[in-house]
Amino acid sequence: MAGAVRRYDPGRRDRIIDAAIRVVGARGIAGLSHRSVAAEADVPLGSTTYHFRTLDELLVAALRRANEGFAAAVAASPVLSDPAADLPSALARFLGELLAADRGRAELEYELYLAALRRPALRPVAAEWCEAMAGALAARTDPATARALVAVLDGITLQVLLTDMPYDEEYAREVLARVLRA
């Protein structure tokens with residue numbers, strides 16, 4: 001195409017990732033395709049395949065973006081920064097705040113996270129999330145206990161999201177306290 005002008009669009013890749021997150025949020029991973037993302041991002045179909053050759057590459061980028069959002073929430077929370085805070089109570093309150101703030105966002109993040117069960121390309125990114133959270137908690141406890149706390153937080157979150165049962169902060173606090181006492 002002689003004379004064709006290529007438009008410089010430095011934010012396009014990010015818009016595609018954000019669109020993929022919205023598509024997964026609305027339709028689930030089964031509804032994700034290059035075509036659905038291109039339509040959501042309002043970009044040509046070729047742009048999605050240029051930036052993300054496969055859907056797994058796009059899902060990796062979306063999960064990384066979700067991880068970044070969670071990491072920012074953890075960093076902004078006083079839970080880990082106050083060594084005098086009662087850790088089980090603070091973590092239980094933090095989890096409740098996350099679930100109450102945007103349940104849809106939590107469902108989306110866990111759908112992306114659990115997609116790693118069937119999509120091996122996502123496993124390293126899911127592991128990064130677990131390691132980052134355990135690393136943050138290790139500042140308040142030992143590494144093995146930090147990993148156990150992450151497992152408990154994941155389990156409680158999944159129970160709430162999958163069963164539609166209300167989040168029980170007192171139950172979460174008690175279970176987290178038991179892990180810390182062990």
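Our subject is the structure that appears above.
Not measured: the values here are computed from a predicted model.

**Student:** Before we go on, may I ask you to explain the overall build of the protein in this structure?
**Tutor:** Scanning the protein from N- to C-terminus turns up nine helices and zero strands. Starting at the N terminus and ending at the C terminus, the protein contains elements arranged as α-α-α-α-α-α-α-α-α. In terms of overall dimensions, the protein has C-alpha extents of about 70 × 30 × 30 Å along its principal axes. For the protein, the residues scored as buried account for 42% of the 182 residues in total. In the protein, once contacts between residues fewer than 6 apart in sequence are set aside, the share between residues at least 24 apart is 63%. When the accessible surface of the protein is summed, it comes to about 10100 Å², and 56% of that surface belongs to carbon and sulfur atoms. Here the protein contributes 22 positively and 24 negatively charged side chains, and the mean placements of these two sets differ by 7 Å.

**Student:** Is there a simple way to think about unusual backbone geometry in this case?
**Tutor:** Most peptide bonds adopt trans geometry, and most residues besides glycine take a negative phi value. Positive phi is not limited to glycine here, since aspartate 42 has a value of about 60°. A positive phi is found at aspartate 164, a non-glycine position, where the angle reads about 60°. With respect to the secondary-structure elements, aspartate 164 resides in the loop between helix H8 (143–163) and helix H9 (169–181).

**Student:** How should I be thinking about the environment of aspartate 42 in this particular structure?
**Tutor:** On the secondary structure map, aspartate 42 appears in the loop between helix H2 (34–41) and helix H3 (45–51). By relative accessible area, aspartate 42 is classed as exposed at 69%. As a C-alpha pair, aspartate 42 and alanine 19 span 23 residues in sequence and 8.9 Å in three-dimensional space.

**Student:** Where do I start with the side chain of asparagine 67 in this structure?
**Tutor:** Residue position: asparagine 67 is located in helix H4 (residues 55–76). In this view, asparagine 67 contacts Val125 and Trp129; residues no more than four positions away in its chain are not counted.

**Student:** Looking at this structure, I do not really get H9. What am I missing?
**Tutor:** Within an α-helix, residues lying three or four positions from one another point in the same direction, as the helix has 3.6 residues per turn. Between its terminal C-alpha atoms H9 stretches 18 Å, which fits the 18 Å expected from 13 residues at 1.5 Å a residue. Of all the residues in H9, the buried ones are Ala172, Leu176, Ala177 and Val179. Viewed end-on, H9 has its buried residues packed into an arc of 160°, placing them on one side of the element. Pointing more than 90 degrees away from the buried face of H9 are the exposed residues Arg178 and Arg181. Those residues of H9 that are buried are in contact with helix H5 (87–101) and H8. Between the side-chain oxygen at the start of H9 and the backbone nitrogen of glutamate 170 there is a gap of 3.2 Å, and the oxygen is on aspartate 168.

**Student:** Please clarify how H5 should be interpreted in this entry.
**Tutor:** Counted at 1.5 Å a residue, the expected span for H5 with its 15 residues is 21 Å, and the 21 Å between its end C-alpha atoms agrees. Along H5, the positions that sit buried rather than exposed are Leu87, Pro88, Ser89, Ala90, Leu91, Ala92, Phe94, Leu95, Gly96 and Leu99. If you follow the buried residues of H5, they end up packed against H4, helix H6 (103–114), helix H7 (123–138), H8 and H9.

**Student:** Would you explain the side chain of serine 36 in this entry?
**Tutor:** Within the fold, serine 36 resides in helix H2. From its side chain, serine 36 meets the backbone oxygen of glycine 31 in a polar contact 3.1 Å long. Residues in contact with serine 36, not counting those within four places in the same chain, are Val23, Arg27 and Gly31.

About the cut-offs
- Residues numbered from 1 in each chain as written.
- Predicted model: local features only at pLDDT ≥ 70, side-chain atom pairs only at ≥ 80, totals over all residues.
- Heavy atoms only, no water.
- Helix = DSSP H or I, 4+ residues; strand = E, 2+ residues; numbered from the N terminus.
- Buried < 20%, exposed > 50% of the residue type's maximum accessible area, 1.4 Å probe, protein only.
- Contact = heavy atoms within 4.5 Å.
- Areas by Shrake-Rupley, 256 points an atom, 1.4 Å probe, with all protein chains shown as cover.
- Lys, Arg positive; Asp, Glu negative; His and termini not counted.
- Charge placed at Lys NZ, Arg CZ, Asp CG, Glu CD.
- Expected span 1.5 Å × (residues − 1).
- Arc of directions from axis to C-beta.
- Polar contact = N/O pair within 3.5 Å; in protein donor to acceptor, adjacent residues only side chain to side chain.

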